[in-house]
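Working through the structure, step by step
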Amino acid sequence: MSRFDFRELAVPVIVAPMAGGPSTPELAAAGANAGGLGFVAAGYLTADVFAERLAAAQQASSGPMGANLFVPQPSAAIPAEIEAYAVALAVEAERYGTSLGEPRFDDDQWGAKLEVVLDLRPDVVSFTFGLPSAAECRRLRDAGITVVSTVTTVAEARLAVDCGVDAVVAQGPAAGGHRGTFDPTAQPATQPLGELVAAVDLPVMAAGGLATGEDVQRVLRAGAVAAQLGTAFLLADEAGSSPVHRAALQDPQFTETVVTKAFSGRYARGLRNRFINEHEAQAPFGYPEIHYLTSPVRKAAVQAGDPHGTNVWAGTGFRNCKSVPVAEIIDELVR
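Described below are features of the structure shown in this document. (Residues numbered from 1 in each chain as written. Predicted model: local features only at pLDDT ≥ 70, side-chain atom pairs only at ≥ 80, totals over all residues. Heavy atoms only, no water.)

1. Considering the packing of aromatic side chains
Counting across every chain of the model gives eight aromatic pairs. Where F4 meets F6, the ring centres are 5.2 Å apart and the plane angle is 80 degrees; that geometry is what we call edge-to-face. Between F129 and Y287, the ring centres sit 5.6 Å apart and the planes meet at 70 degrees, which makes this aromatic pair edge-to-face. Residue F129 is located in the loop between β4 (124–128) and α5 (134–142), and its partner Y287 is located in the loop between α10 (274–279) and α11 (289–303); the two are separated by 158 residues in the primary sequence. (Phe/Tyr/Trp six-rings, centres within 6.5 Å; stacked < 30°, edge-to-face > 60°. Helix = DSSP H or I, 4+ residues; strand = E, 2+ residues; numbered from the N terminus.)

This is the structure in structure tokens:
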């Protein structure tokens, strides 16, 4: 059965999956309708909601559609460290008039979401934080779905090749949000994106810190078949970014991004704010336990309009974000 080939894209631009709000069916469909590829992010959604959003994006799209799943990893949480962090975060809960969440481990409904993908059959399924099993990979490919792994190192890329994926997303160190690193406790890889692209034999989509047409051309010249951008679309008309997120990206008080585990228990890049400055040093590993612990505080901060109490994920190129339709952003990237 023939599967989607990224080299057939009319426009070599992919709208990255951005779980937690920014990714919407409208955003994914707009990317596909502009000649690129859009992704529906399954992370943090129930399987039923994921199915609804994927179906809506497929129905609104005239081009290829992708879905992205988080691969569950063994928990790295140490209960005593999480308890100590909860004590330290009590002041944040009081500040925003809420309670801390209950830290817990789950697999993000992994099995049910795989069945959604096999049922709705998007053109592409990509994986973040790890790999499906070889059997799961074969099952997806046998269903005619192109299988993609997000990798941050050459070693991860080799594991992806051995698993049987069709292509990889090579994610460089400037990427916004969670890194796709397989080891949830590893320091984020710093290998330059160009070197990572050149080291992989499969078709490669380059990602991480790309924000301009020059960035897109640079990775294509390096051998990538397409460029995947997330931060560049955070202010797009079709994105589901919160008003707080949108305002912070354009606020001159925020001058840099930083990698932090303070919000979720695994490394992610976002705008440096008060919460990071005050809590990063004591934040333990433990994903998704810390994600659930801090979730009520982050939601309350958003409701209060305070960008200093929540994660504002963004890559290093966030100053290039524009509040225009997706089609206009893509046109400018490839013009």
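Having seen the model, we can carry on.
2. Some remarks on the side chain of H245
Looking at the element boundaries, H245 is found in helix α9 (residues 243–249). Accessibility expressed as a relative area gives 10% for H245, which makes it buried. There is a polar contact of 2.8 Å between the side chain of H245 and the backbone oxygen of W313. Excluding residues that lie within four positions of it along the chain, H245 makes contacts with L234, V312 and W313. (Buried < 20%, exposed > 50% of the residue type's maximum accessible area, 1.4 Å probe, protein only. Polar contact = N/O pair within 3.5 Å; in protein donor to acceptor, adjacent residues only side chain to side chain. Contact = heavy atoms within 4.5 Å.)

3. Focus: the pairing of strand β5 (residues 146–151)
Counting buried residues along β5, six of its six residues qualify, which places the element largely inside the surrounding structure. Side chains T146, V148 and T150 of β5 all project onto a buried face; the interleaved residues V147, S149 and V151 project onto the opposite face, where all are buried too. In this structure, β4 lies alongside β5, joined through four bridges in parallel fashion. Considered in β5, the bridge of V125 is made with V147. Taking the sense of rotation as the criterion, the β-α-β connection linking β4, α5 and β5 turns out right-handed. Read as a crossover between parallel neighbours, the route from β5 over helix α6 (residues 154–163) to strand β6 (residues 167–171) is right-handed. (Pairing = 2+ DSSP bridges. Right-handed = clockwise from strand over helix to strand, strands pointing away.)

4. Quick word on the nonpolar core
What tends to happen in soluble globular proteins is that the nonpolar side chains get buried as a cluster. F50, L69, F127, L140, L229 and F233 are the most contacted members of the largest nonpolar core, which has 71 residues in total. If we ignore the near neighbours within four places in the chain, the residues touching F127 are N68, L69, V71, W110, L114, P132, L140, V147, V148, S149 and T150. Counting 18 residues, the second largest nonpolar core, distinct from the first, contains Y85, V258, V297 and A300. (Core = buried A, V, L, I, M, F, W, Y, C linked by side-chain atoms within 4.5 Å.)

5. Some points on the sheet that holds strand β2 (residues 37–41)
What the eight strands build is a closed barrel, ordered β1-β2-β3-β4-β5-β6-β8-β9; its pairing is parallel. Each strand of the sheet is rotated relative to its neighbour by a mean of 25 degrees, with strand direction disregarded. The sheet strands contacting helix α2 (residues 47–60) are β2 and β3 (65–70), and the helix crosses β3 at an angle near 160 degrees. (Axes fitted to C-alpha atoms, helices over the stretch in contact; angles between N-to-C directions.)

6. Side note on the environment of D123
Within the fold, D123 resides in the loop between α4 (110–120) and β4. Owing to a relative accessible area of 32%, D123 belongs among the partly exposed residues under this scheme. Along the sequence, D123 and G66 sit 57 residues apart, while their C-alpha atoms lie 5.8 Å from each other. The residues contacting D123, other than those within four sequence positions of it, are F4, P64, M65, G144, I145 and T146. A distance of 2.8 Å separates a polar side-chain atom of D123 from the backbone nitrogen of M65.

7. Description of the sheet that holds strand β11 (residues 268–271)
Strands sit in the order β7-β11-β10 across an open sheet of three strands; the sheet is antiparallel. The open sheet has two free edges, formed respectively by β7 (177–178) and β10 (257–260), since each of these has just one partner strand. As paired strands, β10 and β11 are joined by four bridges and run antiparallel to one another. The residue bridging V258 from the neighbouring strand is G270, located in β11.

8. Section: the environment of V71
Its place among the elements puts V71 in the loop between β3 and α3 (79–95). For V71, a relative accessible area of 7% gives the class buried. Spatially, the C-alpha atoms of V71 and V151 are 12 Å apart, while their sequence positions differ by 80 residues. Apart from residues no more than four positions distant in its own chain, V71 is found in contact with W110, F127, T128, F129, G130 and L131.

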